[in-house]
Amino acid sequence: MWPDPRVEKFVNDNFLPARVHVKDDSALFQKYGEKYGAQWTPTILGLDPDGVERYRIEGFLPNDDFLAHLMLGRAQIAFAEKQWGEAERRFREIVEKFPDSDAAPEALYWAGVAPYKGTNDPASLKATAKAFQQRYQYTTWAKKASVWGG
Amino acid sequence: MAIKFRHDVDAVLAEAKKTGKPVLLDFSAAPM
């Protein structure tokens, strides 16, 4: 999953990448594994600049899904930092670029939440509920958004 | 453009706090 040039570029552009190896960095693996509750490999965490976990990927994913989840993690960090505009842009980019990934319905959901958090205008929530009537209808995220349909 | 993973996690976390850049922390068992 890591040799993909799109993944490499996204990681280098958006994160400070760190790795602890279960054998080669065993002391660090134990230390940070306990700190962050990582009990399996691969476990990949998106941490905000204060070191707080904002997103977690456990287990292997094919390249497109992996990149979509990395993008989702980066979007969640922007969301946690209350950068609503940037978060929405990042969530929508996932839906546009990887519409068939399993990260896309979750991204569509949060793309509706981010502008609401910034404005308190429920229009984006209603629009998201409507969007879920057209796509991803059978996902958990569509069920969660259904309450916004009014 | 290979990813230059660092293993000095404490230093990476300190740099993140200083620069405001997020961290990707990979717990791996892949061959190094």
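Please refer to the structure placed before this passage.
Being a predicted model, the structure only gives us computed values, none of them experimental.

Caption draft 1: Quick look at the packing of helix α5 (residues 104-119) of chain A against helix α6 (residues 123-134) of chain A. Residues and elements named next belong to chain A. Relative to each other, α5 and α6 sit at 165°, their axes nearing to 8 Å. The orientation of α5 relative to α6 falls into the category roughly antiparallel. Judged by the sense of rotation from one axis to the other, the crossing of α5 with α6 is right-handed. Mapping the contact onto sequence places Leu 108, Tyr 109, Gly 112, Pro 115 and Tyr 116 in α5 and Ser 124, Leu 125, Ala 127, Thr 128, Ala 131 and Phe 132 in α6. Of the residues contributing to the contact of α5 with α6, the split by class is eight nonpolar, three polar and no charged.

Caption draft 2: The arrangement of the nonpolar core in detail. One finds Ala75(A), Ile94(A), Ala107(A), Trp110(A) and Val23(B) to be the most contacted residues of the largest nonpolar core, which totals 47 residues. In terms of residue count, helix α3 (residues 63-80) of chain A provides more of this core than any other element does, 10 residues in total. Those residues in contact with Val23(B) that lie beyond four places of it in its chain are Phe15(A), Leu16(A), Ala18(A), Leu47(A), Gly51(A), Val12(B), Leu13(B) and Ala16(B).

Caption draft 3: How the structure looks around the environment of Phe15(A). With respect to the helices, strands and loops of the structure, Phe15(A) is situated in the loop between α1 (5-14) and β1 (16-21). Through-space distance from the C-alpha of Phe15(A) to that of Leu47(A) is 9.0 Å; in sequence the pair is 32 residues apart. Dropping the residues within four chain positions of it, Phe15(A) is found in contact with Lys21(B), Pro22(B), Val23(B) and Leu24(B).

Caption draft 4: The arrangement of the interface of chain B and chain A in detail. Contacts between the two partners involve 24 residues from chain B and, on the opposite side, 35 residues from chain A. Within the residue set of the side of chain B that touches chain A, elements represented by two or more residues are α1 (9-19) and β1 (23-28) of chain B. Considering only residue class, the side of chain B that touches chain A consists of 15 nonpolar, three polar and six charged. For strand β2 (residues 43-47) of chain A and β1(B), the ladder comprises five bridges, and the chain directions are antiparallel. Residue pairing for β1(B): Thr43(A) is matched across the bridge by Phe27(B).

Here is what the cut-offs are and how they apply
Residues numbered from 1 in each chain as written. Chains lettered and ligands numbered in written order. Predicted model: local features only at pLDDT ≥ 70, side-chain atom pairs only at ≥ 80, totals over all residues. Axes fitted to C-alpha atoms, helices over the stretch in contact; angles between N-to-C directions. Helix = DSSP H or I, 4+ residues; strand = E, 2+ residues; numbered from the N terminus. Parallel < 35°, antiparallel > 145°, perpendicular 65-115°, else oblique. Left-handed = near helix turned anticlockwise from the far one by under 90°. Contact = placed C-beta atoms within 7 Å. Nonpolar A, V, L, I, M, F, W, Y, C, P; charged D, E, K, R; others polar. Core = buried A, V, L, I, M, F, W, Y, C linked by C-beta atoms within 7 Å. Buried ≥ 20, exposed ≤ 12 C-beta atoms within 10 Å, placed from the backbone. Pairing = 2+ DSSP bridges.

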